[in-house]
Amino acid sequence: GLRTSKMWADSFDKLGPVYVATDVSLKNKGKLVLVSSPEYLKVLDMPSDDIRGIFDTVWSLKDYYRINHPDEKLNPFLLRGEEWRKGRMAVNPHMFNAKAAKSYLPQINKASRAAVQHIGEYEEDVDGFCKYASMDMFNAMALGLEMNATAGDVEDRKSTDVMAEALKSMVEVLIKAPWSEYDMLKFGAWKKFEEKFIAGCDEVEMLLERSMADPNNTGFMRAFLESEKEISRFQAVSMVTVLMFAAADTTAATLANVLLNLSRNSEVQAKLREELRAELNGADWADDSRCDYLNWILYENQRLTPTLSVSHSRSAIEQDVEIEGFLVEKGSTVSLVHRRFAMGVDDPKSFKPERWSDEEKAKRKGTPLEVLDHPVVREPFGFGPRKCVGSRVALLELRSIISRIVQDYEFHLDEETSEPFEMFATVTNHPKPYPHIRFKRIARDA
């Protein structure tokens, strides 16, 4: 991984708020321009008919399917234009729709409740807890399966590890093999990726068979497969595979960073606990729950420890645009790295959720820092027609498990036994090595 905090700070300090980088995934088809400036909104506001999903530049996935399944239609999430739109429209009613997303809350809550019972066993492997708990919640929602990887079930944990390794190998091949079909076969990373990804896909198929065998299953995948007629089963399984790998990893990284920030800020943690007790009184998260302070914590978490280094990208822009005096040429891929200007607030290295109160937002109105309140900066899910299809479900998962942890435990960073850490990136940003966090269960009458 890259030392993200230091790398981004050094790069923008040296090169300014806009610079051209090398992106091997573009295959010489345009420049990659990295922007850390509120003027990125000029790109966001550009009209474009060339709609693509976030996986458009992940050539390793495209080439894997083309090489190993040449007779099958590609997963629409890997395509663009009308093909991408068709796939997105097929999934939206089952995941992005607010009512549909909320319908999965009972199984999400059940999975998070079961996982949190074991968090004390992960004091020196909180990263592992986040990985297993996120996958347990996702499988409960997507496949309607009660999996207990967090509780230590051998088969469920093995299943999660296989899928996590598939995602990890995909990232490694993107880093190590420079040019897709031209050079990738020369690198051991590609062979490892194929092996790991095949194993991951086989695991998803096996879980799907378990899911579909139950006629009472309420998971997203059953409803999707039974209602969708234009997308083949192969494409549907490929779509869910990509969603499973990406969604669970993103949720795990966000949760890990939230727990880190709360463990280092006892006053914030206590204030959140007070809000949750007033709203939930020990109960699970409900679809009508309202906890403003929890929302502020998620926003501040994204400002200080963003889930992804790159918050948003627009591929192959259709006209020239000037950003910070720099001419970004038509055809470039432009990506937003918001960390630099997100650090322009007062006391920027402190975790202060109160920054997101109505009063503080009013103060930012009309200033360059007003951009912090734009969803593309404030949330880790993108924006517009390409906004993460699982964003509503991911927020429910995060609210469910955070509210359960904070109501049931007090916790703090163990500085004596933890090694110094930095924020690293693979697909997501996470502390490495993850520090030790000590959890103390709260008595019910406390």
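These numbers were taken from a predicted model, which means no experiment stands behind them.

### Topic: the overall build of the protein chain
If you tally the helices and strands in the protein chain, you get 18 helices and 11 strands. Within the protein chain, the proportion of its 446 residues that are buried is 55%. Here the analysis covers contacts within the protein chain between residues at least 6 apart in sequence; of these, 73% occur between residues at least 24 apart. In the form shown here, the protein chain has an accessible surface area of approximately 20100 Å², with 50% of it arising from carbon and sulfur atoms.

### Looking at the sheet that holds strand S4 (residues 312–314)
Spatial ordering of the open sheet is given by S2-S3-S7-S4, a layout of 4 strands whose pairing is mixed. At either end of the open sheet lies a strand with only one pairing partner, and these are strand S2 (18–21) and S4. Across the sheet, the axes of successive neighbouring strands diverge by a mean angle of 25 degrees, strand direction being ignored. Sheet analysis places S2 next to strand S3 (residues 32–35), joined by 4 bridges and oriented antiparallel. Across the sheet, tyrosine 19 pairs through a bridge with leucine 34, a residue of S3.

### Focus on the packing of helix H3 (residues 59–68) against helix H10 (residues 188–212)
Their axes nearest at 11 Å, the elements H3 and H10 cross at an angle of 75 degrees. Accordingly, the angle class assigned to the pair H3 and H10 is roughly perpendicular. Where H3 abuts H10, its residues Trp59, Ser60, Leu61, Asp63, Tyr64, Tyr65, Ile67 and Asn68 lie against Trp190, Phe193, Glu194, Phe197, Ile198 and Cys201. Taken together, the residues of the contact of H3 with H10 sort by class into 10 nonpolar, 2 polar and 2 charged.

### Regarding the nonpolar core
With 100 residues, the main nonpolar core has Phe129, Phe220 and Ile402 as its most contacted residues. Of all the elements, helix H12 (residues 233–263) adds the most residues to this core, at 16 residues. The contact partners of phenylalanine 129, leaving out residues within four places of it in the chain, are Ala115, Val116, Ile119, Tyr122, Thr150, Leu255, Ile401 and Ile405.

### Focus: the pattern of salt bridges
With the rule as written, the count across this model stands at 25 salt bridges. A salt bridge links glutamate 82 to arginine 85; the shortest N-O distance between them is 3.5 Å. Of this pair, glutamate 82 and arginine 85 both sit in helix H4 (residues 81–95), 3 residues apart, which is roughly one turn of the helix. Classification of glutamate 82 by relative accessible area gives exposed; the value is 55%. Judged by relative accessible area, arginine 85 falls into the partly exposed class, the value being 33%. Here glutamate 226 makes a salt bridge to arginine 222, at a shortest N to O gap of 2.8 Å. Placement of the pair is glutamate 226 and arginine 222 together in helix H11 (residues 220–227), with a separation of 4 residues, close to one helical turn.

### Overview of unusual backbone geometry
Proline 433 follows lysine 432 through a cis peptide bond whose omega is -5 degrees. Within the secondary structure, proline 433 sits in the loop between strand S10 (429–432) and strand S11 (437–441). Positive phi, normally seen in glycine, also occurs at asparagine 281, with a value near 55 degrees. Within the secondary structure layout, asparagine 281 lies in the loop between helix H13 (266–280) and helix H14 (292–304).

### A look at the packing of aromatic side chains
How two aromatic rings sit relative to each other is set out by the distance from centre to centre and by the angle between their planes. This model, assessed by the stated rule, comprises 13 aromatic pairs. Here the aromatic rings of phenylalanine 220 and phenylalanine 224 are separated by 5.6 Å at their centres, their planes lie at 10 degrees, and the arrangement is stacked. Remark: phenylalanine 224 and phenylalanine 220 occur in helix H11; sequence separation between them is 4 residues, near one turn of the helix. Across the pair, exposure class does not vary: phenylalanine 220 and phenylalanine 224 are buried alike. Relative to tryptophan 356, the ring of tyrosine 299 lies with its centre 5.7 Å away and its plane at 65 degrees, an arrangement referred to as edge-to-face.

### What about the confidence of the model for the protein chain?
When the pLDDT values of the protein chain are averaged, the result is 85; 89% of them are 70 or greater. Contacts from residues 178–182, a stretch scored under 50 in pLDDT, to residues over four places away or in other chains number 12 contacts.

### Some remarks on the side chain of glutamine 269
The topology assignment puts glutamine 269 in helix H13. Look at glutamine 269 and you get buried, because its relative accessible area is 3%. Here the side chain of glutamine 269 touches arginine 273 through a polar contact of 2.6 Å, side chain to side chain. When neighbours within four sequence positions are excluded, glutamine 269 is seen to be in contact with Leu262, Ser263, Val406, Tyr409, Glu410 and Phe411.

### Describing empty space enclosed by the protein
If you roll a probe as big as a water molecule over the atoms, it shows you where there is empty space left. Under the definition given, this model contains 2 cavities of 30 Å³ or more. Looking at the largest cavity, its volume works out to about 40 Å³. Contributing to the lining of the largest cavity are Ala111, Ala114, Ala115, His118, Asp136, Met147, Asn148, Thr150 and Ala151. Per-element accounting of the lining of the largest cavity gives the leading share, 3 residues, to helix H6 (residues 105–116). When the residues that make up the lining of the largest cavity are grouped by side-chain class, the tally is 5 nonpolar, 3 polar and 1 charged. Looking at the second largest cavity, its volume works out to about 40 Å³. As for the second largest cavity, its lining consists of Met95, Phe138, Ala247, Thr251, Gly390, Val393, Ala394 and Glu397. Sorting the residues of the lining of the second largest cavity by element identifies H12 and helix H18 (391–408) as the ones contributing at least two each. Counting residues per element, the lining of the second largest cavity draws most heavily on H18, which supplies 3 residues.

Conventions and cut-offs
- Per chain, the residues get numbers from 1 upward, laid out in the order the sequence is written.
- This being a predicted model, a pLDDT of at least 70 is required before a residue's local features are given, and a value of 80 or more before pairs of side-chain atoms are given or counted; all residues contribute to the totals for chains, interfaces and linings.
- Hydrogen atoms and water are omitted, and side-chain values are computed over all heavy atoms in the structure.
- In this description a helix means any DSSP run of H or I spanning at least four residues, a strand means any run of E spanning at least two, and both kinds are numbered starting from the N terminus.
- Whether a residue is buried, partly exposed or exposed follows from its accessible area with a 1.4 Å probe, protein chains only, as a fraction of its type maximum: under 20%, in between, or over 50%, in that order.
- By definition, residues are in contact when any of their heavy atoms lie within 4.5 Å.
- Throughout, the Shrake-Rupley method with a 1.4 Å probe supplies accessible areas, and for residues the shown protein chains are the sole cover considered.
- Here, strands pair whenever DSSP counts at least two bridges between them.
- Axis lines are fitted through C-alpha atoms, for helices just across the contact stretch, and the angle between N-to-C directions can take any value from 0 to 180 degrees.
- Angle categories are assigned with fixed cut-offs, so that under 35 degrees is roughly parallel, over 145 is roughly antiparallel, 65 to 115 is roughly perpendicular, and the rest are oblique.
- When residues are sorted by character, Ala, Val, Leu, Ile, Met, Phe, Trp, Tyr, Cys and Pro go into the nonpolar class, Asp, Glu, Lys and Arg into the charged class, and all the rest, Gly among them, into the polar class.
- By nonpolar core we mean a set of buried residues, namely Ala, Val, Leu, Ile, Met, Phe, Trp, Tyr and Cys, connected to one another through side-chain atoms within 4.5 Å.
- When a carboxyl oxygen of Asp or Glu is within 4 Å of a side-chain nitrogen of Lys or Arg, the pair counts as a salt bridge.
- Any pair of Phe, Tyr and Trp rings, taking the six-membered ring for Trp, is counted once the centres come within 6.5 Å. Such a pair is stacked with planes under 30 degrees apart, edge-to-face with planes over 60 apart, and tilted for the rest.
- Every residue is assigned a pLDDT by the predictor, reflecting its confidence on a scale from 0 to 100.
- N or O atoms within 3.5 Å of each other form a polar contact, as long as, within protein, one can give a hydrogen and the other can take it, and as long as residues adjacent in sequence are counted only when both atoms are side-chain atoms.
- Cavity: a set of points on a 1 Å grid over the protein atoms alone where a 1.4 Å probe fits but cannot get out. Pocket: an open set with protein on both sides within 12 Å along at least five of seven lines, its lining residues, like those of a cavity, having an atom within 4 Å of a point.
- Grid points are joined across faces, edges and corners, and a volume is the space filled by probe spheres set on the points.

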